[in-house]
Amino acid sequence: MAARKPRPVRPVDAALARILALAGKGATPGRMAREVEVIAGEWLAEPEHDPTDIRERLDELREQLSAGVGHAEEQVADLDASEPGAVKQAGAMLAALVATRDAASHALVALQPA
């Protein structure tokens with residue numbers, strides 16, 4: 001029986017994995033935002049890139065990050081304030097996610113036709 005070739009990873013999924021890996025390392029919001037900018041730049045540097053495809057990728061990335069921000073906000077709201085370490089860590093993660101969402105939004109706006 002021949003082994004199936006794995007499907008190529010979708011660019012948005014690969015981008016999210018990169019962002020989550022940085023978040024797991026405790027990267028600062030500024031570093032997380034720069035990673036989104038790097039990802040957008042890599043997509044734009046692809047040979048024969050289609051601007052419409054790049055806009056769709058950025059829009060999907062922004063939507064996924066927005067959903068992550070919403071989930072993180074719920075998690076922060078549910079935290080017990082008597083555990084300051086957990087509150088601080090969750091707040092830092094939320095700030096990083098907000099920075100990535102905002103960076104994706106800015107990249108998307110920059111790509112909009114004039």
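Per-chain numbering applies: the sequence of each chain, read as written, is numbered from 1 onward. Side-chain atom pairs in this predicted model are given and counted only at pLDDT of 80 or more, local residue features only at pLDDT of at least 70, and totals for whole chains, interfaces and linings cover all residues. To get the side-chain values, take all heavy atoms of the structure and skip hydrogens and water.

**A word on the packing of helix α2 (residues 29–45) against helix α3 (residues 51–78)**
Which entries qualify depends on this criterion: Helix axes use the C-alpha atoms of the stretch in contact, all axes being lines fitted to C-alpha atoms, and the angles between their N-to-C directions lie in the range 0 to 180 degrees. Secondary structure elements are taken from DSSP: a helix is a run of H or I of four residues or more, a strand is a run of E of two residues or more, and numbering for both begins at the N terminus. Here roughly perpendicular refers to angles of 65 to 115 degrees, roughly parallel to angles under 35, roughly antiparallel to angles over 145, and oblique to all remaining angles. Two helices cross in a left-handed way if the nearer one is turned anticlockwise from the farther one by less than a right angle. They cross in a right-handed way if the turn is clockwise. We call two residues in contact whenever any of their non-hydrogen atoms come within 4.5 Å of each other. All amino acids are sorted into three groups, where Ala, Val, Leu, Ile, Met, Phe, Trp, Tyr, Cys and Pro are nonpolar, Asp, Glu, Lys and Arg are charged, and the leftover types, Gly among them, are polar.
Two elements in contact, α2 and α3, have axes whose closest approach is 10 Å; the angle formed by their N-to-C orientations is 160°. By the criterion of interaxial angle, the relationship of α2 to α3 is roughly antiparallel. When you trace α2 past α3, the crossing you get is right-handed. Facing V36, A40, W43 and L44 of α2, the residues of α3 in contact are I54, R57, L58 and L61. Here the residues of the contact of α2 with α3 are counted per class, giving seven nonpolar, no polar and one charged.

**Re the environment of S105**
The condition is simple: For every residue, the accessible area (1.4 Å probe, protein chains only) is compared with the maximum for its type, and the residue is labelled buried under 20%, exposed over 50%, or partly exposed between those bounds.
Structurally, the position occupied by S105 is in helix α4 (residues 84–111). Residue classification places S105 among the partly exposed positions, given a relative accessible area of 23%. For the pair S105 and P51, spaced 54 residues apart in the sequence, the C-alpha separation amounts to 16 Å.

**Quick notes on the pattern of salt bridges**
Two side chains of opposite charge can pair, provided their charged atoms sit close to one another. Basically, it comes down to this: A carboxyl oxygen of Asp or Glu within 4 Å of a side-chain nitrogen of Lys or Arg is what we treat as a salt bridge.
The full count for this structure, using the stated rule, is nine salt bridges. The salt bridge partner of D53 is R57, with a shortest N-O separation of 3.1 Å. With D53 and R57 both in helix α3, this residue pair falls four residues apart, about one helical turn. On the accessibility criterion, R57 (12% relative accessible area) is buried. Residue D102 pairs with R101 through a salt bridge whose shortest N-O separation is 3.1 Å. A relative accessible area of 30% means that D102 is categorised as partly exposed.

**What about helix α1 (residues 11–24)?**
The cut-off we apply is this: Take the residue count of a helix, subtract one, and multiply by 1.5 Å to get its expected span.
For α1, spanning 14 residues, the distance from its first C-alpha to its last is 20 Å, which sits close to the expected 20 Å at 1.5 Å a residue. Looking at the packing, one finds that the buried side of α1 touches α2, α3 and α4. Remark: G26 follows α1 within two positions and exhibits a positive phi of approximately 80°.

**Concerning unusual backbone geometry**
Look at E48: it is not a glycine, yet its phi comes out positive at around 55°. As for its placement among the helices and strands, E48 is situated in the loop between α2 and α3. Since its relative accessible area comes to 81%, E48 is described here as exposed.

Any functional reading would require information beyond the geometric quantities listed.
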